[in-house]
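Structural characterization, general
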Amino acid sequence: MSFNGMIEFRNGNLDAIQTQTAGQQDEYTRIWQDVQRQIMGLVAAGQVDAQIGATLEERDRIFQQQAAGYDDSVTSQNTAIRNVQNIGNEGGAAMVRAAAGGRA
């Protein structure tokens, strides 16, 4: 007796969540680095007061600290998602075995 396609655990959306959050991390880091580069370029060109550079360094320290906390949260979330996937895969396989009378 075959259960191919009749009993299936789909977890592709969970993969998409992990990929999306990792992409968001890359994006906010890229945006912040671009902002820093532009502001420091203005400072170097004398178009903005040099004290802004010192303020930017402090803001960068805060950003890095907060980003690290967010990154840790995302890592924990992705670990939890992987755990859910593994549990789902194992449970799905057990249901298929049970439906096949222990033969699958």
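The structure under discussion appears in the preceding block.
In this report, we go over the structure that sits alongside the text. Owing to the predicted nature of the structure, the values given are computational and were not obtained by experimental measurement. (Residues numbered from 1 in each chain as written. Predicted model: local features only at pLDDT ≥ 70, side-chain atom pairs only at ≥ 80, totals over all residues. Heavy atoms only, no water.)

**Thoughts on the environment of leucine 56**
The topology assignment puts leucine 56 in helix α2 (residues 51–99). Exposure remark for leucine 56: the relative accessible area of 7% places this residue in the buried category. Measuring from C-alpha to C-alpha, the distance between leucine 56 and isoleucine 39 comes to 8.3 Å, with 17 residues separating the pair along the chain. (Helix = DSSP H or I, 4+ residues; strand = E, 2+ residues; numbered from the N terminus. Buried < 20%, exposed > 50% of the residue type's maximum accessible area, 1.4 Å probe, protein only.)

**Structural notes on the pattern of salt bridges**
Pairing between side chains becomes possible if they bear opposite charge and their charged atoms approach one another. Taken as a whole, this structure holds three salt bridges when the rule is applied. Taking the shortest distance from any N to any O, the salt bridge between arginine 37 and aspartate 34 comes out at 2.4 Å. You can see arginine 37 and its partner aspartate 34 sitting in helix α1 (residues 12–44), three residues apart, about one turn around the helix. (Salt bridge = Lys/Arg side-chain N within 4 Å of Asp/Glu carboxyl O.)

**A look at the packing of aromatic side chains**
For the structure shown, the criterion picks out three aromatic pairs. Between tyrosine 28 and phenylalanine 63, the ring centres sit 6.0 Å apart and the planes meet at 80°, which makes this aromatic pair edge-to-face. Taken together, the positions of tyrosine 28 in helix α1 and phenylalanine 63 in helix α2 put the pair 35 residues apart, joining distant regions of the chain. For phenylalanine 63, a relative accessible area of 18% gives the class buried. For the pair tyrosine 28 and tyrosine 70, a centre-to-centre distance of 5.5 Å together with 70° between the ring planes defines the contact as edge-to-face. You can see tyrosine 28 sitting in helix α1 and its partner tyrosine 70 sitting in helix α2, a full 42 residues away along the chain. Note on tyrosine 70: relative accessible area 33%, which makes it partly exposed. Among the aromatic side chains, those forming a connected cluster through ring pairs are Tyr28, Trp32, Phe63 and Tyr70. (Phe/Tyr/Trp six-rings, centres within 6.5 Å; stacked < 30°, edge-to-face > 60°.)

**Describing the packing of α1 against α2**
It is at 10 Å that the axes of α1 and α2 come closest, and there the two elements cross at 175°. As the angle between them shows, α1 and α2 are arranged roughly antiparallel. (Axes fitted to C-alpha atoms, helices over the stretch in contact; angles between N-to-C directions. Parallel < 35°, antiparallel > 145°, perpendicular 65-115°, else oblique.)

**A short note on the side chain of asparagine 78**
Positionally, asparagine 78 belongs in helix α2. A residue is classified by how much of its surface remains accessible, and asparagine 78, at 10% relative accessible area, is buried. Sequence-distant contacts of asparagine 78, defined by excluding residues within four places in its chain, comprise Gln18 and Thr21. (Contact = heavy atoms within 4.5 Å.)

**A closer look at the side chain of glutamine 25**
With respect to the helices, strands and loops of the structure, glutamine 25 is situated in helix α1. Setting aside chain neighbours within four positions, we find glutamine 25 in contact with Tyr70, Asp71 and Val74.

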